[in-house]
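# Architecture and fold: a report
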Amino acid sequence: MNATSSFIYNIAEWITKFAYLNLLWILFTILGGVIFGFFPSTISMFAIVREWLKGETDIPLFSTFWKCYRDEFVKSNLLGVIVTLITAIIVLDIFYIQSTDSNLLTWTYLPLFAFMLIFIMFLFYLFPSFVHFNLKLGQVIKNSFFIMLINPITTLLIFLSLLPFFYLISLLPAIGFIFGGSVYAFISMRFSLHAFQKVSEKQEALKMSNEI
C-alpha cells in the first residue's frame, strides 16, 4: 500500500469510527429512554474520545462504550439532574421575561445572557473533567468551573473550532446526525486535555516552589 492509499484508508477508517461512535451515542441514549440515557451515553462517548487522544485508537468501541455506560449510569444521571435543573431555570427565566411587558425586566437579559454564556463554557469542560479525573461529583463540578475560569484562551479556541462545524450542520443537518456528538466530543476533549495539562504543570511548579 503506497502513501496515498494509506492516507485515504486512514481517513476512511476515522470517518467510520466517528460515525459508529455517534451511532452508539444515539442508540444508548434511546436505550435509556432518552431522559436516563443521554448523560451516561454522553459520558461514554467522551471516555472513548479521551482514550483515542491518549493514543489508544484500537480499543473495542462497543464493549468499551457499554462498560462505561453501565459503570457510570448512576453518577452521570446525578450530574444530569444538576445540568437539567440549571438549564430549566434559564429557559423559565427567558420565557418569563418574554411574557412580561415590563421594561424593567428587559434589563435582566444582560445578566441572564452572561450567565448562559458562562454555563455553556462550563459545559465545555464538564464532561471531559468527568471522564479524566477520578473525583466525586461535587469536585468534578468545582474542578470544571475552576479550569474554565483560568483558561479563557482555550475556551475561545473551543468556540472558534465549534462555530464552523455548527455552521456546516446548519447547511447539512445530516452531518449533525452522523457526526454531531462525536465531533463535538473530540473538539472539546482535545482542548480540555490541553487545559488539564496546563493546570497540572502549574500545580507541579507551585509544589516545587513551596518545597524550596
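Here the residue index of a chain counts from 1 through its sequence in written order. Where local features are concerned, this predicted model is filtered to residues with pLDDT of at least 70; where side-chain atom pairs are given and counted, the filter is 80 or more; whole-chain, interface and lining totals use all residues. Side-chain numbers come from the whole structure's heavy atoms, not from hydrogens or water.

### Quick look at the overall build of the protein
Using the following cut-off: Under the scheme used here, helices are H or I runs from DSSP no shorter than 4 residues and strands are E runs no shorter than 2 residues, and both carry numbers assigned from the N terminus. For each residue, the accessible area found with a 1.4 Å probe, counting protein chains only, is set against the maximum for its type, and the residue is called buried under 20%, exposed over 50%, and partly exposed in between. We call two residues in contact when some of their heavy atoms are within 4.5 Å. In short, Shrake-Rupley with a 1.4 Å probe defines the accessible areas, and a residue's cover is counted only from the protein chains shown. In summary, the charge assignment counts Lys and Arg as positive and Asp and Glu as negative, without counting His or the chain termini. For the purpose of locating charges, the reference atoms are NZ of Lys, CZ of Arg, CG of Asp and CD of Glu.
If you tally the helices and strands in the protein, you get nine helices and zero strands. In the protein, the succession of α and β elements from N to C terminus is α-α-α-α-α-α-α-α-α. The principal-axis extents of the C-alpha atoms in the protein amount to approximately 70 × 55 × 35 Å. Every one of the 212 residues in the protein was classed for burial, and the buried ones make up 36%. In the protein, once contacts between residues fewer than 6 apart in sequence are set aside, the share between residues at least 24 apart is 73%. Carbon together with sulfur atoms contributes 73% to the accessible area of the protein, which is approximately 12,900 Å² in total. Of the side-chain charges in the protein, 12 are positive and 11 negative, and the distance between the mean point of each set is 5 Å.

### Regarding helix α4 (residues 73-99)
Think of an α-helix as turning once every 3.6 residues; residues three or four places apart then point the same way. Stated precisely, the cut-off is as follows: To estimate the expected span of a helix, count its residues, drop one, and scale the result by 1.5 Å.
Relative to the 39 Å expected for 27 residues at 1.5 Å per residue, α4 spans 38 Å between its end C-alpha atoms, a close match to the ideal helical length. For α4, the full list of buried residues reads Ser 76, Asn 77, Leu 79, Gly 80, Val 83, Ile 90 and Ile 97.

### Here we look at the nonpolar core
Under the convention used in this document: Each nonpolar core is a collection of buried residues, namely Ala, Val, Leu, Ile, Met, Phe, Trp, Tyr and Cys, held together in the definition by side-chain atoms within 4.5 Å.
Residues Phe 46, Trp 52 and Phe 65 are the most contacted members of the largest nonpolar core, which totals 51 residues. Counting only elements with at least two residues in this core, the list comes to α1 (3-31), α2 (38-53), α3 (61-71), α4, α6 (109-132), α7 (137-150), α8 (152-171) and α9 (173-211). With 11 residues, the single largest contributor to this core is α6.

### A look at the environment of Ser 192
Within the fold, Ser 192 resides in helix α9. We classify Ser 192 as buried; its relative accessible area is 0%. Along the sequence, Ser 192 and Leu 126 sit 66 residues apart, while their C-alpha atoms lie 9.4 Å from each other. Those residues within four positions of Ser 192 in sequence are excluded, and the remaining contacts are Phe 124, Tyr 125 and Pro 128.

### Comments concerning the confidence of the model for the protein
Rules: pLDDT: the predictor's confidence for each residue, scored from 0 to 100.
For the protein, mean pLDDT is 91; residues scoring 70 or higher make up 93% of the total. Ranking the elements of the protein by mean pLDDT puts helix α5 (residues 103-106) last with 62 and α2 first with 98.

### So, the packing of aromatic side chains
Each aromatic ring pair is characterised by the separation of its centres together with the angle its planes make. Inclusion rule: We call Phe, Tyr and Trp rings a pair once their centres come within 6.5 Å, taking the six-membered ring for Trp, and we label the pair stacked below 30 degrees between planes, edge-to-face above 60, and tilted otherwise. The criterion is that NZ of a Lys, or CZ of an Arg, lies within 6 Å of the ring centre and within 35 degrees of the ring normal, and then a charge sits over that ring.
Within the structure shown, the criterion is met by 19 aromatic pairs. Ring-pair connections join several aromatic residues into one group, and the members of that group are Trp 25, Phe 38, Phe 39, Phe 46, Phe 127 and Tyr 184. The positively charged end of Lys 17 is found above the aromatic ring belonging to Trp 14, 4.4 Å away from the centroid. We note Lys 75 situated over the ring of Phe 130; from NZ or CZ to the ring centre the distance is 4.9 Å.

### Examining the pattern of salt bridges
To be explicit about the condition: Salt bridges are defined as contacts in which a side-chain nitrogen from Lys or Arg sits within 4 Å of a carboxyl oxygen from Asp or Glu.
Taken as a whole and assessed by the stated rule, the structure comprises four salt bridges. Glu 51 is the salt-bridge partner of Lys 54, the closest N and O atoms lying 3.8 Å from each other. Taking relative accessible area as the criterion, Lys 54 reaches 49% and is therefore assigned partly exposed. Ionic contacts of the salt-bridge type, sharing partners, join the residues Arg 50, Glu 51 and Lys 54 into one network.

### Considering a nonpolar patch on the surface
Rule in force here: To count toward a patch, a residue needs a relative accessible area above 30% and no salt bridge. Like charges then connect within 9 Å, nonpolar side chains (Val, Leu, Ile, Met, Phe, Trp, Tyr) within 5 Å.
A contiguous nonpolar patch, built from Tyr 20, Leu 23, Leu 27, Leu 31, Phe 62 and Trp 66 and spanning about 580 Å² of accessible area, is present on the exposed surface. Going through the elements one at a time, α1 and α3 are the ones with two or more residues in the nonpolar patch. When residues of the nonpolar patch are assigned to their parent elements, the largest contribution, four residues, is made by α1. Within the element layout of this structure, Tyr 20 appears in helix α1.

### Considering the side chain of Ser 182
Applicable threshold: Whenever a nitrogen or oxygen atom comes within 3.5 Å of another N or O atom, the pair is scored as a polar contact, on the condition that within protein one atom can donate a hydrogen and the other can accept it, and that pairs from neighbouring residues in sequence are kept only if both atoms are in side chains.
Mapping Ser 182 onto the fold places it in helix α9. A polar atom in the side chain of Ser 182 sits 2.9 Å from the backbone oxygen of Phe 18. Those residues within four positions of Ser 182 in sequence are excluded, and the remaining contacts are Phe 18, Leu 21, Asn 22, Met 45 and Val 49.

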